[in-house]
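Here is what each chain is made of, one letter per residue.
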Amino acid sequence: MPPREESEESERPLLSRAHDSEEDILDETAYDSSEKVVIVGIEDGDGGDWSRAPPFSWKKLWLFTGPGFLMSIAFLDPGNLEGDLQAGAIAGYSLLWLLLWATAMGLLVQLLAARLGVATGRHLAELCRDEYPKWARMVLWVMAELALIGADIQEVIGSAIAIKILSNGVLPLWSGVIITAFDCFIFLFLENYGVRKLEAVFAFLIATMAISFAWMFGEAKPSGVELLLGILIPKLSSKTIKQAVGVVGCIIMPHNVFLHSALVQSREIDHSKKGRVQEALNYYSIESTVALILSFIINLFVTTVFAKGFYGTEQANNIGLVNAGQYLQEKYGGGFFPILYIWGIGLLAAGQSSTITGTYAGQFIMGGFLNLRLKKWIRALITRSCAIVPTMIVALVFDTSEDTLDVMNEWLNVLQSIQIPFALIPLLCLVSKEQIMGTFKIGPVLKVVAWLVAALVIIINGYLLVDFFSSEVNGLLIGFFICTFTAAYVAFIIYLVFRAVNFYPWLPFLPSKRLSNTGS
């Protein structure tokens with residue numbers, strides 16, 4: 001009967017419908033079939049109850065483990081480490097509770113991104129290409145690329161600072177940038193050996209960060225009681241509001257939302273069987289949670305080391321990524337292995353891992369929005385060049401001045417804060433749609449919680465923007481430009497929100513074809 005067929009069609013995940021035409025088969029995909037990891041038991045025959053997920057298996061959990069840890073690297077990039085050290089130096093242990101809850105909010109967003117990728121078989125950039133009219137998706141693509149470039153500059157600069165530390169200042173910042181630029185070719189080399197080999201390299205880099213910062217934690221010996229009180233008892237004062245906003249603001253990385261929705265497709269999943277999709281969601285939820293718990297512990301180590309050493313001191317307001325190693329060396333001395341070099345090793349691991357994942361994310365974003373079927377080395381070269389060229393300029397201009405480097409870092413934080421709504425709102429819109437998610441759309445309670453988290457993150461970052469522009473921007477002409485940009489910016493956010501809640505009758509300028517395709 002026709003009604004029954006229509007109902008079954010609406011409940012099918014998008015991937016099973018995406019292959020109905022030859023044109024869709026030729027679309028850009030995150031991974032080719034030959035690149036995907038085959039999960040044990042994925043081809044057990046046609047018997048059994050496929051409406052439910054199979055029993056838990058440690059072996060399958062191991063095979064699904066990987067994408068969540070690559071995603072967690074964005075929570076450990078040099079920008080986050082700088083936020084951690086400044087929060088510890090200025091606010092002491094008082095913001096540890098906020099770090100915990102900010103990580104929990106980040107986990108919720110990343111689980112929704114994984115849910116979208118698993119249920120549909122397509123990543124966020126690809127779905128945005130189909131969901132929005134051309135003008136809107138081009139704006140979203142430009143915003144995503146700008147966010148990625150901003151994050152990449154911070155990550156490359158972080159790596160360059162670490163190289164300068166480890167070379168005893170022999171290698172200047174610009175040479176560290178050049179060395180870091182070649183990591184995209186390392187990435188391409190590793191990718192040829194398979195997804196699991198690449199994930200193993202990232203696991204090694206995360207382990208390097210964990211060991212380095214745990215060593216620093218052991219050297220500093222922070223107060224266990226104050227640490228627990230900082231996690232359990234919320235405290236916030238007018239003096240630490242800027243650091244609090246920074247802790248929350250740097251957790252949600254726009255490019256990371258796009259990245260995670262693509263990474264989860266590295267496993268072979270039979271989308272025609274509901275139980276197999278649910279199984280993948282369960283395992284990805286476990287491994288992502290474990291990965292972000294580890295990232296929280298590493299961030300905790302950094303925050304508490306600087307809280308113990310510099311909270312309440314004259315140096316607290318002057319510490320940044322550039323001079324943090326030197327301050328640590330002066331405070332804690334040499335020891336068996338100088339803490340300056342321990343910090344440098346951890347920072348290098350953070351910078352290298354995050355720049356490689358940035359290259360990865362850039363490929364998915366460009367390929368998804370523009371449907372480009374380019375060879376991977378060409379896409380990697382394009383995405384890497386977009387970041388390296390401005391980073392080299394930054395390194396040459398700001399190499400001799402810590403203050404100007406800090407100012408540049410603040411501008412980059414603003415650039416990324418501006419982009420956050422353009423990843424969160426499309427994500428929440430898509431995971432709420434039955435036409436796209438089928439039976440895996442999020443329920444009303446989770447939808448309310450997700451929108452509240454998104455609203456909170458957007459408001460916090462909005463505060464960051466207002467505070468920054470009110471103190472940094474002067475002049476009538478610049479003020480006019482900022483006001484004009486703000487009006488267009490807010491208008492586009494309103495458009496995305498209205499589209500998400502399906503208030504289409506209020507928006508007559510939307511193409512009727514799009515309305516009929518995306519309306520509930």
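Definitions and cut-offs
- Residues numbered from 1 in each chain as written.
- Predicted model: local features only at pLDDT ≥ 70, side-chain atom pairs only at ≥ 80, totals over all residues.
- Heavy atoms only, no water.
- Helix = DSSP H or I, 4+ residues; strand = E, 2+ residues; numbered from the N terminus.
- Buried < 20%, exposed > 50% of the residue type's maximum accessible area, 1.4 Å probe, protein only.
- Contact = heavy atoms within 4.5 Å.
- Areas by Shrake-Rupley, 256 points an atom, 1.4 Å probe, with all protein chains shown as cover.
- Core = buried A, V, L, I, M, F, W, Y, C linked by side-chain atoms within 4.5 Å.
- Axes fitted to C-alpha atoms, helices over the stretch in contact; angles between N-to-C directions.
- Parallel < 35°, antiparallel > 145°, perpendicular 65-115°, else oblique.
- Left-handed = near helix turned anticlockwise from the far one by under 90°.
- Nonpolar A, V, L, I, M, F, W, Y, C, P; charged D, E, K, R; others polar.
- Salt bridge = Lys/Arg side-chain N within 4 Å of Asp/Glu carboxyl O.
- Patch = residues over 30% accessible without salt bridge, like charges linked within 9 Å, V, L, I, M, F, W, Y side chains within 5 Å.
- Expected span 1.5 Å × (residues − 1).
- Polar contact = N/O pair within 3.5 Å; in protein donor to acceptor, adjacent residues only side chain to side chain.
- Phe/Tyr/Trp six-rings, centres within 6.5 Å; stacked < 30°, edge-to-face > 60°.
- Lys NZ or Arg CZ within 6 Å of the ring centre and 35° of its normal.

J.: Break down the overall build of the protein for me, citing the residues and quoting the values.
T.: Scanning the protein from terminus to terminus reveals 25 helices and two strands. When the 520 residues of the protein are sorted by exposure, 54% land in the buried category. For the protein, restricting intrachain contacts to residue pairs at least 6 apart in sequence, the fraction spanning at least 24 positions comes to 84%. Taken as a whole, the protein presents about 22,500 Å² of accessible surface, with 67% of it coming from carbon and sulfur.

J.: Can you tell me about helix 21 (residues 421-431), naming the residues and giving the values?
T.: Counted residue by residue, helix 21 has eleven buried out of eleven residues, so it is predominantly covered. All buried positions along helix 21 are accounted for by Pro421, Phe422, Ala423, Leu424, Ile425, Pro426, Leu427, Leu428, Cys429, Leu430 and Val431.

J.: Before we move on, could you go through the nonpolar core and cite the residues and values that matter?
T.: Formed by 151 residues in total, the largest nonpolar core has its most connected members in Phe213, Met216, Phe306, Trp343, Tyr360, Phe369 and Leu427. Contacts of tyrosine 360, omitting those with residues within four sequence positions, involve Tyr31, Leu70, Phe187, Glu191, Leu198, Leu259 and Leu263.

J.: Now, about unusual backbone geometry: what can you tell me, with residues and values included?
T.: In this model, asparagine 168 sits at a positive phi of 60°, which is unusual for a non-glycine residue. When you line up the elements, asparagine 168 lands in the loop between helix 9 (134-166) and helix 10 (173-181). Phi angles above zero are rare outside glycine, and lysine 221 is one such case at about 50°. Looking at the secondary structure, you find lysine 221 in the loop between helix 12 (195-220) and helix 13 (224-232).

J.: Please provide a residue-by-residue account of the packing of helix 7 (residues 96-120) against helix 15 (residues 254-263), values included.
T.: At a minimum axis separation of 7 Å, helix 7 and helix 15 run at an interaxial angle of 40°. Viewed along their axes, helix 7 and helix 15 adopt a mutual orientation that is oblique. Helix-helix and strand crossings are classified by hand; for helix 7 and helix 15 the assignment is right-handed. Within the contact between the two elements, helix 7 uses Val109, Gln110, Ala113, Ala114 and Gly117 and helix 15 uses Asn256, Val257, His260 and Ser261. Classifying every residue of the contact of helix 7 with helix 15 gives four nonpolar, five polar and no charged.

J.: Report on the pattern of salt bridges, specifying residues and quantitative values.
T.: Evaluated as defined, the whole model comprises eight salt bridges. Among the salt bridges present, the one from aspartate 270 reaches lysine 273, with a minimum N-O distance of 2.7 Å. With relative accessibility at 22%, the residue aspartate 270 sits in the partly exposed group. The shortest N-O distance in the salt bridge between lysine 441 and glutamate 434 comes to 3.9 Å. The class of lysine 441 is partly exposed, set by a relative accessible area of 36%. Members of the salt-bridge network, linked through shared partners, are Lys60, Arg276 and Glu279.

J.: How would you explain the environment of valine 156 if you had to name every residue and give the values?
T.: Inspection of the secondary structure assignment puts valine 156 in helix 9. Here the alpha-carbon distance between valine 156 and proline 78, two residues 78 residues apart in the chain, equals 8.7 Å.

J.: Hey, could you go over a nonpolar patch on the surface for me, with residue numbers and the actual values?
T.: A grouping of Trp174, Ile178, Phe182, Phe185, Trp377, Leu381, Val389, Ile393, Leu396 and Val397 is seen on the molecular surface, where their side chains present a nonpolar patch of about 990 Å² in accessible area. For the nonpolar patch, the elements supplying multiple residues, two or more each, are helix 10 and helix 19 (376-398). Looking at the nonpolar patch, the element that brings in the most residues is helix 19, giving six residues. One can find phenylalanine 182 in the loop between helix 10 and helix 11 (183-191).

J.: Quick one: what's the story with the packing of helix 8 (residues 124-131) against helix 21, residue by residue and with numbers?
T.: Across the interface, helix 8 lies against helix 21 with an axial gap of 11 Å and an inter-helix angle of 75°. When the axes of helix 8 and helix 21 are compared, the pair comes out roughly perpendicular. Of the residues in helix 21, those in contact with Leu124, Leu127, Cys128 and Glu131 of helix 8 are Ala423, Pro426, Leu427, Cys429 and Leu430. Here the residues of the contact of helix 8 with helix 21 sort into eight nonpolar, no polar and one charged.

J.: Run through helix 16 (residues 274-310), naming residues and quoting values.
T.: A rise of 1.5 Å per residue sets the reference length of helix 16, with its 37 residues, at 54 Å; its end C-alpha atoms lie 53 Å apart and thus fit the reference within 8%. Most of helix 16 is tucked away, with 26 of its 37 residues classed as buried. Positive phi shows up at glycine 312, right after helix 16, with a value of about 85°.

J.: Give me the lowdown on the side chain of glutamate 82, citing residues and values where you can.
T.: Among the secondary structure elements, glutamate 82 is positioned in helix 6 (residues 78-91). Using a relative accessible area of 5% as the deciding quantity, one classes glutamate 82 as buried. Here leucine 321 takes part through its backbone nitrogen, which lies 3.1 Å from a polar atom of the side chain of glutamate 82.

J.: Give a detailed account of the packing of aromatic side chains, specifying residues and quantitative values.
T.: Per the stated rule, a full pass over the model turns up 17 aromatic pairs. On the numbers, 5.8 Å between centres and 50° between planes, the contact of phenylalanine 213 with tryptophan 343 is tilted. Placement of phenylalanine 213 in helix 12 and of tryptophan 343 in helix 18 (residues 339-370) is noted, with a sequence separation of 130 residues between them. Here a set of aromatic residues connected by ring pairs shows up, and it is made of Trp135, Phe422, Phe485, Tyr489, Phe492 and Tyr495. Its guanidinium or amino end placed over the ring of tryptophan 62, arginine 196 lies 5.3 Å from that ring's centre, counting from NZ or CZ.

J.: Could you give an account of the environment of alanine 87, with specific residues and numbers?
T.: By the element assignment, alanine 87 lies in helix 6. Given the relative accessible area of 3%, alanine 87 is considered buried. It is 7.8 Å that separates the C-alpha atoms of alanine 87 and alanine 307, two residues lying 220 residues apart in sequence. Among residues more than four places away in sequence, those in contact with alanine 87 are Gly92, Leu95, Gln243 and Val247.

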